[in-house]
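Listed here are the chains, written in short residue letters.
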Amino acid sequence: MSAITATARPTAAGAAIDTTARRTGAGKKRATTVVLSILAVIVFLFSVFPVYWMINTSFQPNNQVRARVLHFWPDNFTLRNYGTVLFDQNRAQFGPAFMNSILVTILTVAIALVFAFLAALAVTRFRFKSRKAFIIAILIVQMIPGEAMIVSIFRVLDGWSLLNSIGGLTIVYVATVLPFTIWTLRGFVNGVPAELEEAGMIDGLSRTGAFWKITFPLLAPGLVATGVFGFIQAWNEFLLALVVNARPEAMTLPVWLRTFQTLTGTTNWAAIMAGSTLMAIPVIVFFLLVQGRMTSGLVSGAVKG
Amino acid sequence: MSSNIVAMDAAPTAIDGERMTAPAPAAKPRRRRPGGFTPYALLVPSLVILIAIVGWPLFQLIIMSFQKFGRAQVFGAPPEFVWFDNYTKILTDPTFWQVVARSLAFAAVCVVLTMVLGTLIALMMMRLGKFFRLLLTVGLLLAWAMPALTATIVWGWIFDTDYGVINNVLVNLFGLTDFTQHSWLINPLSFFLVAAVVVIWGAVPFVAFTVYAGLTQVPDEVLEAAQLDGTSYVQRFRFIIVPYLRSIFVVVIILQVIWDLRVFTQIFALQGIGGIKEQTNVLGTYIYSVSIAGGEYGTGGAIAVIVVILLMAISIYYVRQTIKEEDL
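Basis of the calculations
- Residues numbered from 1 in each chain as written.
- Chains lettered and ligands numbered in written order.
- Predicted model: local features only at pLDDT ≥ 70, side-chain atom pairs only at ≥ 80, totals over all residues.
- UniProt positions renumbered as here; feature names shortened; annotations may be inferred.
- Core = buried A, V, L, I, M, F, W, Y, C linked by C-beta atoms within 7 Å.
- Buried ≥ 20, exposed ≤ 12 C-beta atoms within 10 Å, placed from the backbone.
- Helix = DSSP H or I, 4+ residues; strand = E, 2+ residues; numbered from the N terminus.
- Domains from an automatic or database assignment.
- Contact = placed C-beta atoms within 7 Å.
- Nonpolar A, V, L, I, M, F, W, Y, C, P; charged D, E, K, R; others polar.
- Pairing = 2+ DSSP bridges.
- Axes fitted to C-alpha atoms, helices over the stretch in contact; angles between N-to-C directions.
- Parallel < 35°, antiparallel > 145°, perpendicular 65-115°, else oblique.
- Left-handed = near helix turned anticlockwise from the far one by under 90°.

- Under the annotation held in an unreviewed UniProt entry, chain B carries the name Sugar ABC transporter permease and is attributed to Orlajensenia flava.
- On record in UniProt, under Subcellular location (unreviewed entry), the comment for chain B is "Cell membrane".
- In its Sequence similarities (unreviewed entry) section, the UniProt entry covering chain B states "Belongs to the binding-protein-dependent transport system permease family."

Put into structure tokens, the structure is as follows:
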């Protein structure tokens with residue numbers, strides 16, 4: 001992701017500003033730098049505070065959380081809240097929801113990537129009737145809001161007896177991420193010259209062999225970027241999961257978190273924060289791990305979903 | 001969605017220095033083979049899924065919006081065609097227009113603030129030292145990675161009536177005793193203040209990173225030349241940076257508009273924590289409460305069709321822009 005990797009390379013405008021600053025006087029430049037650095041710290045604190053506060057609350061005993069005095073760090077460190085979330089039999093179960101989420105997410109990413117790769121090959125490497133129509137359709141489908149369609153998606157899945165199943169939710173998620181994935185991969189496949197494949201074919205590969213042995217490996221960054229998009233989309237999606245997989249045994253993590261929150265009411269914030277932390281950590285870790293490999297433009301759409 | 005930013009071929013808009021995705025604008029026309037049957041075969045899996053999960057439900061949605069479709073119909077009673085009754089009912093319902101107005105106002109505020117803050121942060125990142133830029137990047141990344149639902153619940157806890165940090169700090173640190181047990185979510189206006197904080201907090205990193213990536217592509221010679229000519233910082237922003245980043249801004253603004261008009265999770269979760277639904281519904285939650293919670297599927301369908309048309313109208317410019325600038 002260039003926004004991040006760019007931190008390493010000298011920035012153009014920054015250098016330009018440096019030169020003038022030297023001319024107009026180092027004092028003024030110093031003052032600006034100090035002000036900007038202070039602002040940066042403020043923005044940093046504002047960005048991080050909710051994440052910190054979530055983790056901080058999750059490690060405190062609930063009676064301390066409900067006290068008049070604020071504790072800005074978990075001085076009475078406890079793991080009880082995590083125990084409540086993970087093992088309390090009276091509440092909605094974390095384990096099954098976590099497994100459902102993992103399964104749906106992995107299946108969604110895998111299926112969407114394979115399907116999108118095939119479609120991207122079709123529109124970039126071949127000339128055929130209605131090619132443009134397909135691309136424009138892909139673009140327009142992205143604009144249709146999911147929440148407008150929940151009722152009819154519910155009825156369609158109901159008709160196929162796919163409600164409250166991993167398969168049903170996966171199909172819905174694949175359809176949700178597919179247009180973006182095809183569109184993005186199309187750009188990446190375009191970036192791999194067809195000549196490379198042709199060279200491979202001259203050296204004796206079949207057309208299919210050339211795709212898989214030559215083009216596919218070169219698409220790694222594109223596959224990672226679009227895979228991340230699918231991952232985050234499937235992991236965080238709330239509304240469709242709420243409507244389509246409402247049964248306790250079919251719940252995904254967001255629906256679980258919501259049920260958990262409603263069940264505990266506002267009384268047990270410490271446990272709710274422990275649950276939130278458990279749901280957020282995989283995404284945050286995943287995000288920090290892969291962000292270096294992605295171009296920022298891709299991540300952008302990806303993450304907000 | 002935003003892949004289009006990368007793929008847009010107007011030279012200055014390419015986001016990454018390496019240009020991993022966007023082919024060079026001057027590239028010779030690509031050779032495409034006539035594929036016979038192959039391309040259609042490659043498209044089959046995607047087409048089947050999209051038709052089954054997008055096309056068919058969309059068709060059903062449109063049909064349903066012309067029917068009297070309630071709970072009884074879900075359990076098998078044959079639906080009765082009422083044609084435009086659902087539409088006239090909605091379009092004459094003041095509640096619907098309140099929801100539309102509320103959604104538009106909320107989206108407008110969020111988009112403007114997100115864009116301004118994101119752009120300012122991006123400009124700031126250009127001028128920061130290495131350490132502070134890294135610090136800022138890490139902070140923004142964390143906010144960006146937080147799932148919307150967890151973020152909303154955490155903010156709900158921060159603004160909690162009894163034990164929230166905000167009330168506690170306001171009362172104990174600033175002595176504003178009015179805020180003892182102050183409920184932020186019960187009043188619609190402050191409900192939307194909290195909702196805006198949640199939405200903007202989550203959206204600013206995307207804008208900041210995208211604009212920042214665009215800024216690094218503005219050639220320094222141009223900026224330096226302008227500076228030698230004695231232009232001010234504001235002038236350089238207005239006459240050099242803005243034109244260079246125009247297409248990035250267009251795409252980002254349109255995406256923000258669409259996302260903020262479609263906002264669901266944040267509002268829904270905040271309503272669950274303590275808002276009054278009737279006074280805080282936006283389009284997404286309104287569709288939900290009419291159809292899923294209220295069982296009026298026909299009416300909900302009609303609202304959904306209206307929303308789809310509204311979003312299409314907004315995004316048509318974006319679609320046209322992309323088609324124009326793309327070598328499809």
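Continuing now.
### So, the nonpolar core
- Judged by nonpolar contacts, the single largest core of 176 residues is most densely connected at A:A116 and A:L178.
- With 18 residues, the single largest contributor to this core is helix α9 (residues 188-215) of chain B.
- Taken domain by domain, the makeup of this core includes at least three residues from each of domain 1 (2-87) and domain 2 (94-304) of chain A.
- In this view, A:A116 contacts A:L178, A:T181, A:I182, A:L185, A:T226 and B:S46; residues no more than four positions away in its chain are not counted.

### A look at the environment of A:G222
- Here A:G222 shows up in helix α12 (residues 220-236).
- Along the chain, A:G222 and A:V48 lie 174 residues apart, while their C-alpha atoms are 29 Å from each other.

### Considerations on the interface of chain B and chain A
- Residue-level contacts link 109 residues of chain B with 105 residues of chain A.
- Taken together, the residues of the side of chain B that touches chain A break down into 73 nonpolar, 24 polar and 12 charged.
- Where strand β1 (residues 126-127) of chain A lies against strand β1 (residues 33-34) of chain B, 2 bridges are found, and the strand directions are parallel. Looking at β1(B), one finds that A:R127 is bridged to B:P34.

### A few points about the packing of helix α3 (residues 26-58) of chain A against helix α5 (residues 94-127) of chain B
- For the pair α3(A) and α5(B), interaxial distance at closest approach is 10 Å and the crossing angle is 130°. With respect to α5(B), the element α3(A) is oriented oblique. Once α3(A) is placed against α5(B), the crossing between them reads as left-handed. Contacts between α3(A) and α5(B) involve A:L36, A:L39, A:A40 and A:V43 from the first element and B:I121, B:M124 and B:R127 from the second.
- Split into classes, the residues belonging to the contact of α3(A) with α5(B) amount to 6 nonpolar, no polar and 1 charged.

### Some thoughts on helix α15 (residues 283-293) of chain B
Residue and element names in this part refer to chain B.
- Within α15, 8 of the 11 residues are buried, which leaves it mostly tucked inside the rest of the structure.
- Buried residues of α15: L283, G284, T285, Y286, I287, Y288, V290 and S291, and no others.
- Immediately downstream of α15, the backbone of G295 shows phi near 75°, a positive value.

### So, the UniProt feature "domain: ABC transmembrane type-1" (unreviewed entry) in chain B
- Mapped onto the present numbering, the UniProt feature "domain: ABC transmembrane type-1" (unreviewed entry) falls at residues 100-318 of chain B.
- In the segment residues 100-318 of chain B, helix accounts for 80% and strand for 0%; the C-alpha atoms at its two ends are 22 Å apart.

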